[in-house]
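Chains, contacts and geometry: an overview
Listed below are the residues making up each chain.
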Amino acid sequence: MTSDESLAFIADLADFVVESPSSYHAAAEVARQLTEAGFTELDEREGFEEVSGDQFVRRDGSLIAWRVPPNTGPRSGFRIVGAHTDSPTFKLKPNPDSIRSGWQQVGMEVYGGGLLNSWLDRELGLAGRLVTMDGGVHLVFSGPMLRIPQLAPHLDRSVNEKLQLDKQHHMWPIVGSGDPSVHMLDVLCARAHLDRSKLAWFDIFAFTTEPPAVFGAADDLFACPRLDNLSSVHAGLRALIDTSPADDIAVLACFDHEEIGSASRSGANGPVLEDALMRIATGLGYTGDDWHALMARSHCVSADTGHLVHPNYADKHDPGNQPQVNAGPLLKLNANQRYATDAIGAAVWLRACEAADVPTQPFVSNNAVPCGSTTGPLTATRLGVTTVDVGVGLLSMHSAREMCGVDDPWLISRAMQSYWAGH
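Every value quoted in this text rests on a predicted model; they were computed, and no experiment measured them. (Residues numbered from 1 in each chain as written. Predicted model: local features only at pLDDT ≥ 70, side-chain atom pairs only at ≥ 80, totals over all residues. Heavy atoms only, no water.)

Considering the packing of helix α5 (residues 272–283) against helix α8 (residues 376–383)
One way to put it is that α5 packs onto α8 with a least axis distance of 10 Å and a crossing angle of 45 degrees. Classified by the angle between their axes, α5 and α8 sit oblique to one another. The chirality of how α5 crosses α8 is right-handed. Across from L273, E274 and L277 in α5, the residues of α8 making contact are T379, R382 and L383. Looking at the contact of α5 with α8, its residues break down into three nonpolar, one polar and two charged. (Axes fitted to C-alpha atoms, helices over the stretch in contact; angles between N-to-C directions. Helix = DSSP H or I, 4+ residues; strand = E, 2+ residues; numbered from the N terminus. Parallel < 35°, antiparallel > 145°, perpendicular 65-115°, else oblique. Left-handed = near helix turned anticlockwise from the far one by under 90°. Contact = heavy atoms within 4.5 Å. Nonpolar A, V, L, I, M, F, W, Y, C, P; charged D, E, K, R; others polar.)

Notes on the pattern of salt bridges
One pass over the full model with this rule turns up 19 salt bridges. Between D186 and R196 there is a salt bridge; the shortest N-O distance is 3.1 Å. Residue D186 is located in helix α3 (residues 184–191), and its partner R196 is located in the loop between α3 and β10 (199–208); the two are separated by ten residues in the primary sequence. In this structure R196 comes out as partly exposed when scored by relative accessible area, which is 36%. Notably, a salt bridge pairs E274 with R382, separated by 2.9 Å at the nearest N-O pair. Taken together, the positions of E274 in helix α5 and R382 in helix α8 put the pair 108 residues apart, joining distant regions of the chain. Residue E274 is classed as partly exposed on the basis of its relative accessible area of 23%. Owing to a relative accessible area of 35%, R382 belongs among the partly exposed residues under this scheme. Through salt bridges with shared partners, one network takes in D60, K91, R129, D203 and R265. (Salt bridge = Lys/Arg side-chain N within 4 Å of Asp/Glu carboxyl O. Buried < 20%, exposed > 50% of the residue type's maximum accessible area, 1.4 Å probe, protein only.)

Here's the deal with the pairing of β10
Burial runs high along β10: eight of the ten residues are buried. Pairing of strand β7 (residues 124–132) with β10, which is carried by nine bridges, proceeds in the antiparallel orientation. What sits directly across from A127, in β10, is F205. (Pairing = 2+ DSSP bridges.)

Focus on unusual backbone geometry
For the peptide bond that leads from D228 to N229, omega is 15 degrees, which places it in the cis range. Inspection of the secondary structure puts N229 in helix α4 (residues 227–242). A positive phi angle is found at S396, which is not glycine, with a value near 65 degrees. Considering the arrangement of structural elements, one finds S396 in the loop between β19 (393–394) and β20 (402–405).

A few points about the state of the cysteines
This structure, assessed with the given rule, holds zero disulfides. The thiol sulfur of C353 is not disulfide-bonded, and the nearest other cysteine sulfur, from C300, lies at 15 Å. On the basis of relative accessibility, which here comes to 2%, the residue C353 falls in the buried class. Of the cysteine sulfurs around C404, a residue in no disulfide, the closest is that of C224, at 7.7 Å. (Disulfide = S-S within 2.5 Å.)

Focus: the packing of aromatic side chains
Per the counting criterion, the structure on display carries six aromatic pairs. Among the aromatic side chains, those forming a connected cluster through ring pairs are Y24, Y111 and F205. Of note, R279 hangs over the ring of F48, and the distance from its end group to the ring centre comes to 3.7 Å. Above the ring of W410, the side-chain terminus of R414 is found at 4.7 Å from the ring centroid. (Phe/Tyr/Trp six-rings, centres within 6.5 Å; stacked < 30°, edge-to-face > 60°. Lys NZ or Arg CZ within 6 Å of the ring centre and 35° of its normal.)

Encoded structure:
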């Protein structure tokens, strides 16, 4: 039965998602909550003169936070939880304004591998960052502004048998009735109280404006945009704030750009985490061979969402491994290292779950169905640390509106807290 703790945690997750309509907003919201909890933000453009205590750095839509326990010593390591702040969506193109057939529309580019049909007939907002000529960064978001209307079945009698969406021709949002004097960047600058003439460039994304909701006959299900992967970011944030690390250094790594391959300066395939870890280690006196020994004692829990068994498509799942809703976070495995979990990493995760009294369940793909991937293999490859892939189970992953069980985000956060506590 869903507990009061689960429902309170879900309400907090819902608030977090609403405040995080883009990866930049997610990083800003994590920073706000960490600062409120007593963490200190460092500027990576300056020297890290003091790295003990509770601190964090930001790089674009990514954030690395850490807690250094007072008794850090020669046998300490890093205990890392990795997640990502971005989700599949649409990004505003240059010269976005267009009048077509009497409708005002904006050009948008597909970001990531989303379920395109799930974005149809929803009121969408715009969110992201505006950068001025002096390099200033200004976060902005709107209320409901766009809609991608689907063609009525009267005009396409085959739509219920075979829906085909062309990314260039069919995914243009409507934003108005065709007033040529309205320009999207003018509207966004006005919302950010910026002089349009000072705007250099922008990174603006669409988001769904329908609020998250608990639903179901027993109020045990949760519908929400961007659960992949804000559910992991939020769980890690709450666990880090509530944890007092034992001997190892607790690290929360929130990466951007996972949905498009992570190959960026703020993605898991870039240097952002390694840079932060090396500077922390150097500040604590771990240099030369001591740095390599420190990393050999370290490990990572890569937290990204996974798939629950879909009752209408059960044949798409492995018959012997069918994860259930509200039965605990997934331990994700793949023989071809699409997930980084091995037996050593699995033991790390199982110890944390056992100490927290949190159930966990394995996920492995059907052999005939391609397996996705996460930041886990990238972190393992770049840092050489033991890595285990885990996550909250979802239905409708990469939809504009995903769903999970009410209990599962709370359970994975408890397991993360146990992991950081040294179990």
